[in-house]
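Breakdown of the fold
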Amino acid sequence: MCGIFAYLNYQVPKTRRFVLQTLINALKRLEYRGYDSAGIAFETAAKASSSIGTVKQRGKVQALSDVVFEKKDIDFDETLETHVGIAHTRWATHGVPNEVNSHPQRSDPSNEFVVIHNGIITNYKDLKLFLETKGFLFESETDTEVIPKLAKYLYDELEGEKLSFRELVERIIEQLEGAYALVFMSTHFPGQAVASRRGSPLLVGVKSSKHVVTDHIPVAYTSDKGHPIAPDKAFASPGPLLLQRTDSTLNISIEDTQELEVEYFFASDASAVIEHTSRVIYLEDDDVAAVSGGHLTVHRVQRGTVRESPEKRTRSVETLKTELKQIMKGSYSTFMQKEIFEQPESITNTMRGRVNFETATVKLGGLSDHISTIRRCRRLIFIACGTSFHSALATRRILEETTELPVVVELASDFLDRNTPIFRDDVCFFISQSGETADTLNALRYCKKRGALIVGVTNTVGSSISRETHCGVHINAGPEIGVASTKAYTSQMLALVMFALMMCEDRLSMQERRLQIIKGLQQLPELIKEVLKLDDEIHKLAEDLYKQKSLLVIGRGFQYATCLEGALKIKELTYMHSEGIFAGELKHGPLALVDKDMPVIVVVVQDDTYTKCHNALQQVEARQGRTIVICNKGDEETKKHAFSTLEVPRIVDCLQGILTVVPLQLLSFHIAVLRNCDVDCPRNLAKSVTVE
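All of the points below concern the structure found in this document.

The rules behind the values
- Residues numbered from 1 in each chain as written.
- Predicted model: local features only at pLDDT ≥ 70, side-chain atom pairs only at ≥ 80, totals over all residues.
- Heavy atoms only, no water.
- Buried < 20%, exposed > 50% of the residue type's maximum accessible area, 1.4 Å probe, protein only.
- Helix = DSSP H or I, 4+ residues; strand = E, 2+ residues; numbered from the N terminus.
- Arc of directions from axis to C-beta.
- Pairing = 2+ DSSP bridges.
- Axes fitted to C-alpha atoms, helices over the stretch in contact; angles between N-to-C directions.
- Contact = heavy atoms within 4.5 Å.
- Salt bridge = Lys/Arg side-chain N within 4 Å of Asp/Glu carboxyl O.

Some thoughts on helix α2 (residues 61-69)
Within α2 the residues assigned to the buried category are Val61, Leu64, Ser65 and Val68. When α2 is viewed along its axis, its buried side chains cluster within an angular range of 100 degrees and face the same direction.

Structure (structure tokens):
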């Protein structure tokens, strides 16, 4: 839920202003992950650093930036040959947002060890009690503070062992339970940084004027007792570096007469490093990545006699395909507005190379090798949270129709609470925009242990879900920065519809239906552009609604998921109470909410639920509810019963929800702006939910 970033320049001269600005800019890129407070830590001497300074501030990153660059005791023009700095933007889990609870957290007033952390330490109370018995005084309410204090305790206790920084961190993480992505820096190890992760995402970006010799790093293992299993080459002498099978160092080509020059970037998300480098290494759970003497190594603690599979013993150096312009606002006022208007393009990208309109075929390459297994399964289970859950709900009906299999849609948190029975012939889909959603990941591991086929649907290459599934689909929606999901939702829906088309390609009875849907796919981008032209009309509607306290959204059939998603967007962005209601349940309680002051959005489209939705609309009208109807163009009968209408083009029923959700996305955006809400960073929320 938090955003973490670290920058280490080794033998690459940079001014302190550049270093601090790099940290601040990265936090702005990561601000969607948390934005109630922020902080940085940096070495305060240019050579052989022996002290660390910190600056922390409640509020958004810009508030931190203002404080940092107004400081009179920082020499911004000082040149730093080698330097480490860390930065953090927080989404509070333990302790209210304030400077003391902000990260980096420290070991003591002299900042011997400082740490940034994304996740939750579940055994922090036990560790805190132990450290208090050793004389440590705690300043904050956070779970994180036990980590730097544990670092100091172990460093002092084990001083005689002369542990390296990496070895010390290995001892620390063996004591931690829960989820974390961590980056450490210390006055005892100037110019060094150590990072580790378990359950929270973390990557390392590499930038050098020299050539990176290898496209992977072999992982060195350490036993429970701290004895190296593979040779540690972190302190290799300068000279031409050749990759050895047991070498755990990232090799950068240098001549005998040259010194190593390299920059490293540790980050929760690729958006923070893309402006600096496209070469990244995604860390796995329990990895410990250390930079010392300019060399990067990756180690793991080998627990007991368990050995990992060969593919787990290397970390590849990957090339990011995201461009900087994709994570910039451009001419739009907010990222969310930009992402709503990008949907014709994102939908096209989701289909590109997968749908052949001339031959009426659909191929999802990531599923091709497993499609026969999926067709023979007992049932399809779709597991997700929030908006991703709604995308599964929106496509459940078409999946049941095309597969003739039982289709179950589960909220990940509830699925885990129930210890749901899973069988070896089940196929479980895990849907997540970020690919890091904690509940979804835990459900994935639960199902994997029980032998089910695991399929991922995610928007993030290199994410935990994309790495831990047997196969999957990347939705190709492009970076989504706004906390409230928009284009990822429509691309997730589309990816699942394409999967449904693959499942029924050999069924003669479904060919006419398949052709109808594929024709709809071809029309979809242009029809979304047509819906986006309603923006001015929707803005006027928002002006009538933004002072309301509550708003109901009613529909049924394929449009029920649209109602849930639209209501969620209104809640997320405007802080207005909103409820998505299944039209068939209106008489079973919700109708009591309707009166002349209650605005009610009713989605009535020309599909097989049209007559039943009309009945619900007239029931609301009879109670003097203020009806706002989303209907198909030319539906004059429906317009007679509406206080106001938004007309969208008609398309095949299973794709209609993509067109009807866009007006609700725009409505929530405009209401939020009129209510002076922060559209991209709604209060109390964060983009990537990496804690349970």
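There's more to say after this.
Some details on the sheet that holds strand β25 (residues 471-474)
Reading across the sheet, the five strands line up as β22-β21-β23-β24-β25 and stay open at both edges, with parallel pairing between neighbours. Only two strands of the sheet have a single partner each, and these edge strands are β22 (407-411) and β25. Taken pair by pair, the neighbouring strands of this sheet meet at an average axis angle of 20 degrees, ignoring direction. Of the pairings in the sheet, the one linking strand β24 (residues 453-458) to β25 comprises four bridges and is parallel in character. Paired with Val457 across the strands is Val473, a residue of β25. Lying over the sheet, helix α9 (residues 386-403) contacts β21 (379-384), β22 and β23 (426-432), oriented at roughly 175 degrees with respect to β22. Each of β21, β23 and β24 touches helix α11 (residues 438-449); the most contacted strand, β23, lies at about 165 degrees to it.

Quick word on the sheet that holds strand β15 (residues 279-282)
An order of β4-β3-β6-β1-β14-β11-β15-β18-β12 is seen for the nine strands of this open sheet, with the pairing classed as antiparallel. In this open sheet, the two edge strands, each paired with only one partner strand, are β4 (52-58) and β12 (216-218). Within the sheet, the average angular offset between the axes of one strand and its neighbour, ignoring direction, is 15 degrees. Relative to the sheet, helix α1 (residues 16-30) contacts β1 (3-10), β3 (37-43) and β6 (83-90), its axis offset from that of β1 by approximately 155 degrees. Across the sheet, α2 lies against β3, β4 and β6, angled at about 135 degrees from β4, the strand it touches most.

Focus: the pattern of salt bridges
This model, assessed by the stated rule, comprises 35 salt bridges. Close ionic contact of Asp653 with Arg513 constitutes a salt bridge, the shortest N to O distance being 3.0 Å. Here Asp653, found in helix α19 (residues 653-674), pairs with Arg513, found in helix α14 (residues 511-532); they are 140 residues apart in sequence, far enough to count as distant. Overall, Asp653 belongs to the buried group, its relative accessible area being 19%.

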